[in-house]
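Topology and contacts: notes
Listed below are the residues making up each chain.
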Amino acid sequence: MSHLLALEVVPAAGLRGTLEVSMNTLERITVPTIRFSKVKNGHEPLTMITAYDYPGAKMVDKSGADMILVGDSLAMVVLGQPDTMCVTIEIMEHHTRAVAAAKSRALIVADMPWMTYHTSKTDAIKNAAKLIRAGASAVKLEGGAKRRKVITAISDAEIPIVGHLGLTPQSIKELGVYKVQAKSKELGDKLIQDALILQDLGVFALVLEAIPESVASAVTDELNIPTIGIGAGSSCDGQVLVFHDLLGFDIANKAKFVKTYANLEDVGSQALSQFVKDVRTGEFPSKEHTYH
Ligand code: KIV
């Protein structure tokens, strides 16, 4: 991804001028870079992939993705839980720290878990700060207008925020099942209103999950900040997928919007079985793997 940034500079002589800086592709990606990456303004689509640990973050960064999301989806794909409700701020700090250790070029966004921004503005700021101290550059939280107060408070504490609308997994107890959201005209319009409110509150990017393409397209057109879709069609300004879905873990339970690019569960199992077999047959350790 290459971007041109117009930086205002004050030269030594005191004259104001502008300097065009071509962003080196190896430079770390920043919040302003993402904020201005709209496809309608000529930018290529953004890419975001989840990661939950050091080797995963290294793999994602090597792919050239723009953002790493330390998602609370780790509840399902790493901890084997049925939903994200069990995730605490301590769990998110732990995984964010591991991801940050990879020192990625990609911008690290960490999810604020359920009940870490619902109780008070003070709790929300303190919990967001824990994720920043663990190594994230921004936090993501779910919901629209009803999050007005906490979003303002977190932004006022200089912490950048990514919004999340549509299917919000932390609402699963209320929703009953994971399904496509905003299917009626009324709910589609409400989602667009929520998106505009989030933008006004200073959110710098917006995840749209499991909504009809027409709604995602309308939101993307209306907003000046980028939309990042997951199950929201191709008109968004970027796409996000969960690491384990993309790499083919638990394929039997994959959602319609997941494209599997490898079958690492099978490849990994085969390698592990080979180790078990080699030990049992005496093939491993060989002389080559032994200190003499
Ligand atoms: O937790 C997560 O992985 C997410 C993505 C599905 C966007 O929120």
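Presented here is an overview of the structure given in this document. None of the values given here were measured: they were computed from a predicted structure.

1. Notes on the overall build of the protein
Along the backbone of the protein there are 11 helices and 10 strands. Against the compact-globule benchmark of 19 Å for 292 residues, the protein has a radius of gyration of 21 Å, which places it among compact chains. Across its three principal axes, the protein shows a C-alpha extent of roughly 70 × 60 × 35 Å. Looking at the protein as a whole, 43% of its 292 residues qualify as buried. Residue pairs at least 24 apart in sequence account for 57% of intrachain contacts in the protein once pairs closer than 6 positions are excluded.

2. Some points on the packing of aromatic side chains
Between two aromatic rings, the relevant description is the distance of the centres plus the angle of the planes. Inspection of every chain in the model, using the stated rule, returns one aromatic pair. Measuring from ring centre to ring centre gives 5.9 Å for F275 and F284, while their planes differ by 65°; the resulting arrangement is edge-to-face. For F275, a relative accessible area of 47% corresponds to the partly exposed category.

3. A few points about the sheet that holds strand β3 (residues 46-50)
The strand order around the closed barrel formed by eight strands is β3-β4-β5-β6-β7-β8-β9-β10, and the pairing between neighbours is parallel. Between one strand axis and the next, the sheet turns through 25° on average, direction left out of account. Against the sheet, helix α8 (residues 185-201) engages β7 (161-166) and β8 (205-209), with an angle of about 175° to β7.

4. Here we look at the packing of helix α5 (residues 121-133) against helix α6 (residues 148-156)
The N-to-C vectors of α5 and α6 enclose an angle of 45°; their axes lie 9 Å apart at closest approach. The angle between α5 and α6 falls in the class oblique. Regarding α5 and α6, the two cross each other, and that crossing is right-handed. On the side of α5, the interface is formed by K121, A124, I125 and A128, while α6 contributes K149, V150, A153 and I154.

5. What about the environment of M112?
Inspection of the secondary structure assignment puts M112 in the loop between β5 (107-111) and α5. Note: C-alpha distance between M112 and E93 (19 residues apart in sequence) is 9.8 Å. In this structure M112 touches Y117, A124, N127, A128, L131, V139, K140, L141, I154 and Q170, once residues within four positions along its chain are discounted.

6. Details of the packing of helix α4 (residues 89-100) against α5
The contact between α4 and α5 brings their axes to 8 Å, and the two run at 20°. In terms of orientation, α4 and α5 fall into the roughly parallel class. Classified by chirality, the crossing of α5 by α4 is right-handed. Contact with α4, carried on its side by I89, M92, E93 and T96, involves N127, K130 and L131 of α5 and no other residues of that element.

7. Side note on α6
Turning to α6, its buried residues are V150, I151, A153 and I154. On an axial view of α6, the arc spanned by its buried residues comes to 165°, and they lie on one face. Exposed positions of α6 whose direction lies more than 90 degrees from the buried face are K149 and D156. If you follow the buried residues of α6, they end up packed against α5, β6 (138-142), β7 and α8. With its phi angle positive at about 65°, E158 sits one or two positions after the end of α6.

Cut-offs and rules
- Residues numbered from 1 in each chain as written.
- Predicted model: local features only at pLDDT ≥ 70, side-chain atom pairs only at ≥ 80, totals over all residues.
- Heavy atoms only, no water.
- Helix = DSSP H or I, 4+ residues; strand = E, 2+ residues; numbered from the N terminus.
- Rg over C-alpha atoms; globule rule 2.2 N^0.38 Å.
- Buried < 20%, exposed > 50% of the residue type's maximum accessible area, 1.4 Å probe, protein only.
- Contact = heavy atoms within 4.5 Å.
- Phe/Tyr/Trp six-rings, centres within 6.5 Å; stacked < 30°, edge-to-face > 60°.
- Pairing = 2+ DSSP bridges.
- Axes fitted to C-alpha atoms, helices over the stretch in contact; angles between N-to-C directions.
- Parallel < 35°, antiparallel > 145°, perpendicular 65-115°, else oblique.
- Left-handed = near helix turned anticlockwise from the far one by under 90°.
- Arc of directions from axis to C-beta.

Keep in mind these numbers describe shape, not what the thing actually does.
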